[in-house]
Amino acid sequence: MLIEKSSKGCSVAVVGAGIIGLCSALKLQLEGYQVTVFDPSGAGSKCSRGNAGHFATEQIFPLANPGLIPQLPKMLLSPNSPVSIRFRDLHKTANWMLRFLSKARYKPTTHATQALTKLNSRAMGSWKKLLDDVELSHLISSTGSLLVFENEQLFERYQSTLNAMTNNGVSWEVWHKEQLKSRMPNLANSVKFGVFFPDTSHTSDPYEMCLELKSAFLSCGGKWREEKVENVQEKVSRSVVVTDKAEYGFDKAVLATGAQSVPLIKRIMNIKVPLQAERGYHLMVTKNREFLPFPVSSADRKFIMTPMKSGLRLAGTVEYAAIDSPPNMKRASMLKELANGLLSEPISDDDFGEKWMGNRPSLPDSLPVIDQTEKGRILFAFGHQHLGLTQAAITAELITKMVNGDETQIDLSPYRLMRFS
């Protein structure tokens, strides 16, 4: 067995090189630990590669909430719905869906909102500090984002959500039609209202961000192994990482394995975590890179458009399916019609490019797992659903505090793994 050593006297393995694992590894390495990342596919190769690039600090409400129930029949029956279920996988996903719907009540919704707010309110401060430390602050554009409404009644119903956001410290301002015309001339005349969130941000290439974080990590002395981790064992004084090639000894190990977490958690803790692969899709528009100044989401159509280096990224839609099922690229293609309905001029068919699908790791209560074993030798950071990019740096801060044995700045009880035992 190979033993990793650190000048600080403590070595840490980070299993998983998505955005959560990369931030955690970099933060720990900067703290003085000797960190080794394990991932068979490279940096940001899964869900982190093709997400919408939106740091969605305004999204403080869980996916399951009382307002969802009346909308479900229409959502599930419409072929163009933002939510889709792969019915041939229903035997694998039904139990999760029942648990998810059981959270669509006032008390669980309030609990989850408070817990998400604690993470999101600190998210960008954590990102700023992490990126400043490695001179990568240029990777984030802090220009805000816009949520638009075509249906006036939908906007009126949204007022209660805005009031709840205010109560939870989220800043926003309403843009009326004349404001929208002057500031956002490329949006269709059907757009009647917009809600601008000034404190949100975006990155122009989520995958490039992952590669830059990896490069910074390696420059700081971090180690990298492209090996598949099959188990992590907690010994008396060490953690043993078992891969398909060898066994490695560390003082501590962090599991940041996203949608692939279920079998590992079962082996380590004998807990079957109710984690569902909640698929997101994107479609790239290869031109119109500067078509929009910041991300624009549609309340009516339930998708987002983000300006990126390589063009305009159309992202969104939710598909519940087994993690190993083939992608349904019709879900990506439908983003074309959604975008053309929201823009002043339709996009040419010749300007559409890459289609992509990624598995978001979603838990029924919309809260991540940020926790550690009783001995503190194995730590967990997974299940961030739509908010992995948003919450990556604050999660890394919390993980680092736990590795240090320091008190965390927020109560971690809502994110405990044992809530599923």
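Residues numbered from 1 in each chain as written. Predicted model: local features only at pLDDT ≥ 70, side-chain atom pairs only at ≥ 80, totals over all residues. Heavy atoms only, no water.

If you had to explain the overall build of the protein to someone new, which residues and values would you point to?
Helix and strand counts for the protein come out as 11 helices and 21 strands. Taking 22 Å as the expected radius of gyration for a compact globule of 421 residues, we find that the protein reaches 21 Å, a close match to that expectation. For the protein, the spread of C-alpha atoms along the three principal axes comes to 65 × 45 × 40 Å. In the protein, the proportion of contacts linking residues at least 24 apart, taken out of those at least 6 apart, comes to 76%. Carbon and sulfur atoms make up 50% of the accessible area of the protein, which amounts to about 17,900 Å² in all. (Helix = DSSP H or I, 4+ residues; strand = E, 2+ residues; numbered from the N terminus. Rg over C-alpha atoms; globule rule 2.2 N^0.38 Å. Contact = heavy atoms within 4.5 Å. Areas by Shrake-Rupley, 256 points an atom, 1.4 Å probe, with all protein chains shown as cover.)

Lay out the environment of Ser-310 in plain terms, naming residues and giving numbers.
Examined against the element boundaries, Ser-310 turns out to sit in the loop between β17 (303-308) and β18 (311-320). Overall, Ser-310 belongs to the partly exposed group, its relative accessible area being 44%. Put simply, Ser-310 and Leu-187 are 123 residues apart on the chain and 20 Å apart in space, counted from C-alpha to C-alpha. (Buried < 20%, exposed > 50% of the residue type's maximum accessible area, 1.4 Å probe, protein only.)

Describe the nonpolar core, and please don't skip the residues or the numbers.
If you look at the biggest cluster of nonpolar residues, it comprises 55 residues, and the most contacted ones within it are Ile-19, Leu-28, Trp-127, Met-209, Leu-213 and Ile-399. Listing elements by their share of this core, those giving two or more residues are β2 (11-15), α1 (19-31), β3 (34-38), α4 (106-133), α8 (206-219), β21 (378-382) and α11 (388-404). Those residues in contact with Leu-213 that lie beyond four places of it in its chain are Ile-19, Leu-22, Cys-23, Leu-26, Trp-127, Leu-131 and Leu-136. Membership of the second largest hydrophobic core comes to 26 residues, among which are Leu-187, Leu-312, Leu-314 and Leu-335. (Core = buried A, V, L, I, M, F, W, Y, C linked by side-chain atoms within 4.5 Å.)

Quick rundown of the side chain of Lys-214? Include the residues and the values.
Tracing the sequence through the fold places Lys-214 in helix α8. We note that Lys-214 is buried and unpaired, the nearest opposite charge coming from Glu-226 at a distance of 4.5 Å. Excluding anything up to four places from it in sequence, Lys-214 contacts Leu-22, Ala-43 and Trp-224. (Lys, Arg positive; Asp, Glu negative; His and termini not counted. Salt bridge = Lys/Arg side-chain N within 4 Å of Asp/Glu carboxyl O.)

An account of unusual backbone geometry is requested, with residue identities and associated values reported.
With a phi angle near 55°, Asn-270 is a residue other than glycine that sits in the positive phi range. With respect to the helices and strands, the residue Asn-270 is situated in the loop between α9 (261-269) and β15 (276-285). Overall, the relative accessible area of 57% leaves Asn-270 in the exposed class. With phi around 65°, Thr-317 is a residue other than glycine that occupies positive phi space. Structurally, the position occupied by Thr-317 is in strand β18.

Pulling in residues and values, what's your account of the state of the cysteines?
Under the counting rule described, the total for this entry stands at zero disulfides. Distance from the sulfur of Cys-10, which forms no disulfide, to the nearest cysteine sulfur (Cys-220) is 17 Å. Accessibility expressed as a relative area gives 12% for Cys-10, which makes it buried. Left unpaired, Cys-47 is separated from the closest cysteine sulfur, that of Cys-210, by 10 Å. (Disulfide = S-S within 2.5 Å.)

Quick one: what's the story with the pairing of β2, residue by residue and with numbers?
Most of β2 is tucked away: five of the five residues are buried. With burial as the criterion, each face of β2 is covered, one bearing Ser-11, Ala-13 and Val-15 and the other bearing Val-12 and Val-14. As defined by bridge partners, β2 adjoins β3 across five bridges and the pair is classed as parallel. Residue Val-12 lies in a different strand from β3, and its bridge partner there is Val-35. Handedness of the crossover joining β2 and β3 through α1 is recorded here as right-handed. Sheet analysis places β2 next to strand β14 (residues 252-255), joined by four bridges and oriented parallel. In the sheet register, Val-15 faces β14, and the bridge partner there is Leu-255. (Pairing = 2+ DSSP bridges. Right-handed = clockwise from strand over helix to strand, strands pointing away.)

Tell me about a positive patch on the surface, and please be specific about residues and values.
A grouping of Arg-99, Lys-103, Arg-105 and Lys-107 is seen on the molecular surface, where their side chains present a positively charged patch. As for its position among the elements, Arg-105 is in the loop between α3 (90-102) and α4. Residue Arg-105 is classed as partly exposed on the basis of its relative accessible area, which comes to 46%. (Patch = residues over 30% accessible without salt bridge, like charges linked within 9 Å, V, L, I, M, F, W, Y side chains within 5 Å. Charge placed at Lys NZ, Arg CZ, Asp CG, Glu CD.)

Can you lay out the sheet that holds strand β10 (residues 223-225) for me, pointing to particular residues and giving the numbers?
Sheet strands pair via backbone hydrogen bonds, and the direction of the pair is either parallel or antiparallel. Taken together, the six strands give an open sheet; going across it, the order is β10-β3-β2-β14-β21-β20, and neighbouring strands pair in mixed fashion. Looking at the sheet topology across the chains shown, the edges are occupied by β10 and β20 (369-372). Strand-to-strand twist in this sheet, taken as the mean axis angle between neighbours without regard to direction, amounts to 15°. Against the sheet, α9 contacts β2, β14 and β21, and its axis sits at roughly 155° relative to β21. (Axes fitted to C-alpha atoms, helices over the stretch in contact; angles between N-to-C directions.)

Just give me the short version of the pairing of β17, but keep the residues and values in it.
With six of six residues buried, β17 is to be regarded as a mostly interior element. The two faces of β17 match: Phe-303, Met-305 and Pro-307 on one face and Ile-304, Thr-306 and Met-308 on the other face are all buried. Examined bridge by bridge, strand β16 (residues 296-298) and β17 share three bridges and lie antiparallel to one another. Directly across from Val-296, in β17, lies its bridge partner Met-305. The sheet contact formed by β17 and β18 spans six bridges and is antiparallel. Its bridge partner lying in β18, Thr-306 is registered against Arg-313. Linking two consecutive strands that pair antiparallel, namely β17 and β18, is a turn of two residues.

I'd like a rundown of the packing of aromatic side chains, residues and numbers included.
Using the criterion set out here, one finds 12 aromatic pairs in the structure. A ring pair is formed by Phe-155 and Phe-193, whose centres lie 4.1 Å apart and whose planes are at 5°; its orientation type is stacked. Within this pair, whereas Phe-155 is found in helix α5 (residues 152-157), its partner Phe-193 is found in strand β8 (residues 193-197), the two being separated by 38 residues in sequence. Residue classification places Phe-155 among the buried residues on the basis of a relative accessible area of 8%. For the pair Trp-175 and Phe-196, a centre-to-centre distance of 4.9 Å together with 15° between the ring planes defines the contact as stacked. Residue Trp-175 is found in strand β7 (residues 173-175), and its partner Phe-196 is found in strand β8; the two are separated by 21 residues along the sequence. (Phe/Tyr/Trp six-rings, centres within 6.5 Å; stacked < 30°, edge-to-face > 60°.)

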